[in-house]
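Close look at the chain arrangement
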Amino acid sequence: MRKSISLLVLFMAMAFTMSMNSCRETKEDKAEEAIEDVKDGVEKAGDEIEDAADDVGDKIEEVVEKDSI
């Protein structure tokens with residue numbers, strides 16, 4: 001009976017330890033995914049800003065060319 005209780009307690013402690021480790025890994029994975037999502041979003045926003053700046057530059061050139069003709 002004593003061995004059974006000891007084995008049960010040992011098993012429960014091992015299961016608790018493994019679940020905590022698994023939870024920590026899940027949080028790290030989610031944090032890494034969130035960082036990648038933010039990085040991708042910033043790159044996309046930068047590309048869109050660059051495109052918008054090019055469009056504004058093109059419009060300015062068009063206005064300047066019309067005024068100089």
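Described in the following lines is the structure provided in the data block. The shown structure was predicted, so the numbers you read here are calculated from the model rather than taken from an experiment. (Residues numbered from 1 in each chain as written. Predicted model: local features only at pLDDT ≥ 70, side-chain atom pairs only at ≥ 80, totals over all residues. Heavy atoms only, no water.)

**Considerations on the overall build of the chain**
When helices and strands are counted, the chain shows 1 helix and 0 strands. Total accessible area on the chain stands at roughly 6700 Å², and carbon and sulfur atoms take up 62% of it. (Helix = DSSP H or I, 4+ residues; strand = E, 2+ residues; numbered from the N terminus. Areas by Shrake-Rupley, 256 points an atom, 1.4 Å probe, with all protein chains shown as cover.)

**Notes on a nonpolar patch on the surface**
Among the surface-exposed residues, Leu8, Phe11, Met12, Met14 and Met18 lie close enough to one another that they form a single nonpolar patch of about 560 Å² accessible area. Counting through the fold element by element, Met14 comes out in helix H1 (residues 2-68). A relative accessible area of 45% places Met14 in the partly exposed class. (Patch = residues over 30% accessible without salt bridge, like charges linked within 9 Å, V, L, I, M, F, W, Y side chains within 5 Å. Salt bridge = Lys/Arg side-chain N within 4 Å of Asp/Glu carboxyl O. Buried < 20%, exposed > 50% of the residue type's maximum accessible area, 1.4 Å probe, protein only.)

Fair warning: the whole summary comes from geometry, so function is off the table for now.
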